[in-house]
Amino acid sequence: MYGGGYIFDEPDRRQAAEENDHDQPARLGEFEAKIAAGEKIEPGDWMPSEYRRQLIRLIEQHAHSEVVGALPEGTWITRAPGFRRKMALIAKVQDEIGHGQLLYHAAETLGKTRQEMTADLLSGKSKYSNVFNYPAETWADVTVIGFLIDAAAIVNQLANSKGSYGPYCRALERICYEESFHLKQGQDAFVELASGTPMQRGMLQDALNRWWPPIMQFFGPPDKISAHSARLMQWKVKMASNDEMRNQFLDTYVPKVFELGMTLPDPLLAKDPVTGRWKYTEPDWNLFFRVIGGDGPCNRERIAVRSWAEEHGAWVRKALKVTSGMPSLPIA
Ligand code: FAQ
C-alpha cells in the first residue's frame, strides 16, 4: 500500500491544543527519542507544532517546485529536437507533475489542504525553488535542467528520504526512482551537445554559464545564515546541511562536466585536496532572496500560468467532486 496505507484525500486535522512543545516535555522527550532511534513519525502520532509547521512549509515548497518546475521544460515539448527527445521530455514533465501530487498528499497528512496550499502559492506566501524563476531560452537550457538540476534534486531527495516523517520519506523514495530516469535522459542530451558541433558546444556552454549561479543556490543559503537547518537536522527532516549537500553535488557532478571539456563560470571552483571540500565563489545571496521573494526574471509569468490553470481547471475539480460520491479506497 502506498503512503503507509493512508488515504490522502482527508487531511489529518488532529493537531490540536495537545501540540504545545513546552507544555508537554514528556511527549517531546518520547518524540525526540523515537527520532533518535531512527523510527518514523506517522500522521496520527503526537508531534510538536513546530515540527508540523516546518514539515508543511518544506514539503509544500517542494510540491510547488515540482509543479512550477515542469513549466520551463514544458514549453520545449513542441520544440524538442526529434521524436525520441520529445517522448522522453513528455514523460519527464508528466512525472514532475506526479511528484507534485505525491508531495501535496504528503503535506495534506499534516493538516493543510490542497486548496490552502494552492492559494498560498498564488498569493506569493509559499515559496518554490529559485531555479524555476529563470527562462529556458534554448534546448541547451533544457539539457542543463535535465542533467544538473535533476542531479541536484536527487542529492537532496536521496538524503532526505532517510528522514523522520513517514509519508514524506515514502514519497521521496518513489520520486527518486523516477528522477534517476530524468537524470539519465538529461545526461544523455548533455553528452550529445557536448560532443556535437562547435555551435552545439557553444550553446551548451552559454546555458551552463547562465544556469550555474542559480544551481549553486539550489541547496539554500550557506549554513551560517540558513534559518531552519539546525532545527530540521535535529529532527531528521533534513539529513544534511545546505553546504554539505552542495559539496556532495559538486563532488559528483563537476568532474562529469569537466571531463566533457566544458567549463563552469567560477575561477575559484576547485576541490581542496586536504579537506575534500570544494572552494567556490559564493553566489549573490541578496539576488537569491530577491528571486525567491518574487522578483526573479520569470516569477510573474510562472504564477500567471498557475493562476490560469487553477481558474480553467475549476470545472474539472467540480465535476470530480460531484461524481466522487463513492468512499475512497486505499491504493494497492
Ligand atoms: N529556492 O533555512 P533555509 C526539483 C528559502 S525539486 C527557494 O536554508 P531550508 C525537481 C527557505 O524556504 C526542487 N527558496 O531553508 C525538478 C527559507 O525561506 P522561508 C525543490 C529557498 O528549508 C527538477 C529561506 O530560504 N526541492 O528540482 C531555497 O532549511 C527538474 C532560508 O533557507 C525541495 O524543495 C531555494 N533553492 O532549506 C522539477 C526539496 N533554498 O521558508 C522539475 C525540499 C532556501 O523561511 C525539473 N526542500 N530557500 O521563507 C529542502 O530540502 C529545503 O527546503 C532546502 C532549503 C534545502 C531547499
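Look up: the structure comes first, before these words.
Right, let's walk through the structure included here. Note that the structure is predicted; figures quoted are calculated from it, not measured.

1. Focus: helix α11 (residues 299-312)
Here α11 contains 14 residues, and its C-alpha end-to-end distance of 20 Å stays within 8% of the 20 Å for a straight helix at 1.5 Å per residue. Three or more residues of α11 are buried, namely Asn 299, Arg 302 and Ile 303. Taken end-on, α11 shows its buried residues confined to a sector of 90°, consistent with a single buried face. Turned more than 90 degrees from where α11 packs its buried face, Arg 300, Trp 308 and Glu 311 sit exposed. Contacts made by the buried residues of α11 are with α2 (49-74), α4 (114-123) and α10 (285-295).

2. Comments concerning the side chain of Arg 302
On the secondary structure map, Arg 302 appears in helix α11. Arg 302 gets classed as buried once you look at its relative accessible area, which sits at 3%. Among the polar contacts listed, one links the side chain of Arg 302 to the backbone oxygen of Tyr 134, at a separation of 2.9 Å. When neighbours within four sequence positions are excluded, Arg 302 is seen to be in contact with Val 68, Leu 71, Pro 72, Tyr 128, Phe 132, Asn 133, Tyr 134 and Pro 135.

3. Remarks on the side chain of Asn 247
Assignment of secondary structure puts Asn 247 in helix α9 (residues 242-258). Owing to a relative accessible area of 9%, Asn 247 belongs among the buried residues under this scheme. Excluding its chain neighbours within four sequence positions, the residues that come into contact with Asn 247 are Gly 276, Arg 277 and Trp 278.

4. Concerning the packing of helix α3 (residues 83-108) against helix α6 (residues 166-194)
Interhelical geometry of α3 versus α6 gives an angle of 160° and a closest axis separation of 10 Å. The orientation of α3 relative to α6 falls into the category roughly antiparallel. Regarding α3 and α6, the two cross each other, and that crossing is left-handed. Here the residues of the contact of α3 with α6 are counted per class, giving 12 nonpolar, 3 polar and 10 charged.

5. With respect to the site of the ligand
Taken together, 37 residues are adjacent to the ligand, and Gln 61, Lys 127, His 228, Lys 238 and Asn 242 come closest. At 2.9 Å from a nitrogen atom of the ligand is found a main-chain nitrogen or oxygen belonging to Asn 130. Measuring from an oxygen atom of the ligand, one finds a side-chain N or O atom of His 228 at 2.6 Å. For the ligand, whose unbound accessible area comes to 1,100 Å², protein coverage reaches 93%. The dominant element in the shell around the ligand, judged by the number of residues it contributes, is α2, at 8 residues. Considered class by class, the residues forming the shell around the ligand number 13 nonpolar, 15 polar and 9 charged.

6. A few points about unusual backbone geometry
Here the phi dihedral of Lys 236 falls at roughly 50°; this positive angle occurs in a residue that is not glycine. Following the sequence through the fold, Lys 236 ends up in the loop between α8 (229-234) and α9.

7. Thoughts on the packing of aromatic side chains
Centre distance and the angle of the planes are the two values used to describe a pair of aromatic rings. The tally for this structure, following the rule as stated, stands at 15 aromatic pairs. Relative to Trp 235, the ring of Phe 31 lies with its centre 6.0 Å away and its plane at 80°, an arrangement referred to as edge-to-face. Residue Phe 31 is found in helix α1 (residues 25-36), and its partner Trp 235 is found in the loop between α8 and α9; the two are separated by 204 residues along the sequence. A cation sits over an aromatic face here: Arg 79 above Trp 76, 4.0 Å from the ring centre.

About the criteria used
Residues numbered from 1 in each chain as written. Predicted model: local features only at pLDDT ≥ 70, side-chain atom pairs only at ≥ 80, totals over all residues. Heavy atoms only, no water. Helix = DSSP H or I, 4+ residues; strand = E, 2+ residues; numbered from the N terminus. Expected span 1.5 Å × (residues − 1). Buried < 20%, exposed > 50% of the residue type's maximum accessible area, 1.4 Å probe, protein only. Arc of directions from axis to C-beta. Contact = heavy atoms within 4.5 Å. Polar contact = N/O pair within 3.5 Å; in protein donor to acceptor, adjacent residues only side chain to side chain. Axes fitted to C-alpha atoms, helices over the stretch in contact; angles between N-to-C directions. Parallel < 35°, antiparallel > 145°, perpendicular 65-115°, else oblique. Left-handed = near helix turned anticlockwise from the far one by under 90°. Nonpolar A, V, L, I, M, F, W, Y, C, P; charged D, E, K, R; others polar. Near = heavy atom within 4 Å. Areas by Shrake-Rupley, 256 points an atom, 1.4 Å probe, with all protein chains shown as cover. Phe/Tyr/Trp six-rings, centres within 6.5 Å; stacked < 30°, edge-to-face > 60°. Lys NZ or Arg CZ within 6 Å of the ring centre and 35° of its normal.

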